[in-house]
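One-letter residues, chain by chain:
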Amino acid sequence: MTDLEAIPDWDHCQELARALDAADQLASFRDQFHIPQHTDGHECIYFCGNSLGLQAKGVRAALEIELEHWARLGVGAHFNGRIPWMPYHELVREPLAELVGAQAPEVVAMSSLTVNLHLMLVSFYRPTPTRNKILIEKHAFPSDRYAVESQIRFHGFDPETCLLELAPGVGLDCLSSEQITQFIEAQGESIALILLPGVQYYTGQVLDLEAITRAGREAGCRVGFDLAHSVGNVPLDLHALGCDFAVWCSYKYLNAGPGAVAGCFIHQRHHGAELPRLNGWWGHDPQTRFLMGPEFVPSRGADAWQLSNPPILALAPLRVSLEIFQAAGMQRLRQKSLKLTGFLLQLIQEQLSGWVRSITPSIKEQRGCQLSLMVEKKPESARDVFSALGDRGVVADWRAPNIIRVAPVPLYNRFIEVYRFVEILSEVVRNRCV
Ligand SMILES: *Cc1c(COP(=O)(O)O)cnc(C)c1O
């Protein structure tokens, strides 16, 4: 079951790609982005939005406005200027909440992903003598693994016994939903926290967050998600989902720039609850924050987890980016994404069978923008293939030992680029993998 429609033979695929671009209602959004150029002066085929999203053209002006405020008003820019800095982070709250399907007070844009993960673990990983384990996946993003491992040690427990890492079944590339839920049903009593990705960074698999949350909560575990590869990629409905927390970064599909201000979701049921939390002055109730009193009075909602006053120059690109997402609409983006990545999958299957295989699940519910392509024929040449793609102006992403991740994104990629990419990849592997 692949959900893919029949496509014409290769000779007609270029025409088909052009027709799909012509019919694409989101096509003009590409004009809002700077597309990196290859050395030959042509635009690159940029399939790397899963690693660093492109710069929106509006970012420069947004930054210049804040630089100008700073130059002209100094400290006064906190309260004056077109957009005063004091409540600046509140401007991104609504669009961010919309994007992740949360109530506005449940989200906050702050610090960076791994920092936020630690802050969430402080509140939601509360190990007891009998329930002290954390469930992650075997190939978790290293930073997530380091974070949970260090938290386990910080609480005086041993990662050897407390860190559970779920691996795909023998011969399989991905975890199955049943495997995850069955594991939770069997071991849930000892698990304090489940931390899984929304989209697995290596395989591109979209996990069934609903099944995981349900199983986790039924077993009495806290459930948190790392949405680094999900935000701006697949629609999310975090409030209804009912997970305890989620964290994400904003420089991948969200295009908010290198090291951009990250985001956090904390479910409403925890607001005002007696959770342990690390506090800073920006988490203080803004009504009385500047009385500068010794007692910490938390803000309502996710804002209570803020520590520092936010970096305005880093928030400005996020604000620009979220406006673009609002204009495009996540549902429309998802529909184009399914077609765009589906087209890629289909061309790979038909043109490169036996040479290159996608390890990303082919059913549409389990894939987002990204396909992880495994060079099967002569895997030892995979690195060569990747370099040759770069020489031809394809920007993709390399993961040892033989995976090339490619992510056509619906905001700025086109069907014709998918066609060209497969054309280039076919030439390259037929050249290097013999
Ligand atoms: C990109 C990514 C990170 C990066 O963490 P930073 O704190 O933003 O450097 C962490 N975890 C996952 C799952 C990621 O995909």
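Residues numbered from 1 in each chain as written. Predicted model: local features only at pLDDT ≥ 70, side-chain atom pairs only at ≥ 80, totals over all residues. Heavy atoms only, no water.

Asker: I'm lost on the domain arrangement of the protein in this one. Help?
Answerer: One widely used convention gives an interface's size as the accessible area the parts lose upon coming together. Each domain of the protein was delimited in the assignment, giving domain 1 (10–32 + 330–432) and domain 2 (63–326). For domain 1 and domain 2, the distance between their C-alpha centres works out to 30 Å. Contacts between domain 1 and domain 2 engage 26 residues on the former and 18 residues on the latter. Between domain 1 and domain 2, roughly 1,900 Å² of surface is buried when both sides are summed, and carbon and sulfur atoms account for 58% of that area. Among the salt bridges present, the one from Arg357 reaches Asp173, with a minimum N-O distance of 3.1 Å. Between domain 1 and domain 2 we count ten residue pairs in polar contact (both at pLDDT 80 or more) in total. Taken together, the elements giving at least two residues each to the side of domain 1 that touches domain 2 come down to helix H11 (330–351) and strand E13 (403–406). By residue number, the principal contributor to the side of domain 1 that touches domain 2 is H11, which donates four residues. (Domains from an automatic or database assignment. Contact = heavy atoms within 4.5 Å. Buried area = accessible area lost by both parts, 1.4 Å probe. Salt bridge = Lys/Arg side-chain N within 4 Å of Asp/Glu carboxyl O. Polar contact = N/O pair within 3.5 Å; in protein donor to acceptor, adjacent residues only side chain to side chain. Helix = DSSP H or I, 4+ residues; strand = E, 2+ residues; numbered from the N terminus.)

Asker: Honestly, the state of the cysteines in this entry has me stumped. Any pointers?
Answerer: Two cysteines whose sulfur atoms are joined by a covalent bond form what is called a disulfide. Considering all chains together, one arrives at zero disulfides under this definition. Cys48 supplies the cysteine sulfur nearest to Cys369, a cysteine that is in no disulfide, at a spacing of 12 Å. Since its relative accessible area comes to 0%, Cys369 is described here as buried. (Disulfide = S-S within 2.5 Å. Buried < 20%, exposed > 50% of the residue type's maximum accessible area, 1.4 Å probe, protein only.)

Asker: When you look at the nonpolar core in this model, what are you seeing that I'm missing?
Answerer: Counting 69 residues, the largest nonpolar core has Ile194, Phe225, Leu227, Leu238, Trp248 and Leu411 as the members making the most contacts within it. Among the elements that make up this core, the one with the highest residue count is helix H10 (residues 312–328) (nine residues). Formed jointly, this core draws a minimum of three residues from each of two domains, domain 1 (10–32 + 330–432) and domain 2 (63–326). Sequence-distant contacts of Leu227, defined by excluding residues within four places in its chain, comprise Gly198, Leu209, Leu236, Leu238, Ala246, Val247 and Trp248. Counting 38 residues, the second largest nonpolar core, distinct from the first, contains Leu352, Ala388, Trp398 and Tyr419. (Core = buried A, V, L, I, M, F, W, Y, C linked by side-chain atoms within 4.5 Å.)

Asker: Is there a simple way to think about a nonpolar patch on the surface in this case?
Answerer: On the surface, Leu67, Trp70 and Leu313 cluster together to form a nonpolar patch covering roughly 310 Å² of accessible area. Residue class for Leu67 comes out partly exposed when judged on its relative accessible area of 41%. (Patch = residues over 30% accessible without salt bridge, like charges linked within 9 Å, V, L, I, M, F, W, Y side chains within 5 Å. Areas by Shrake-Rupley, 256 points an atom, 1.4 Å probe, with all protein chains shown as cover.)

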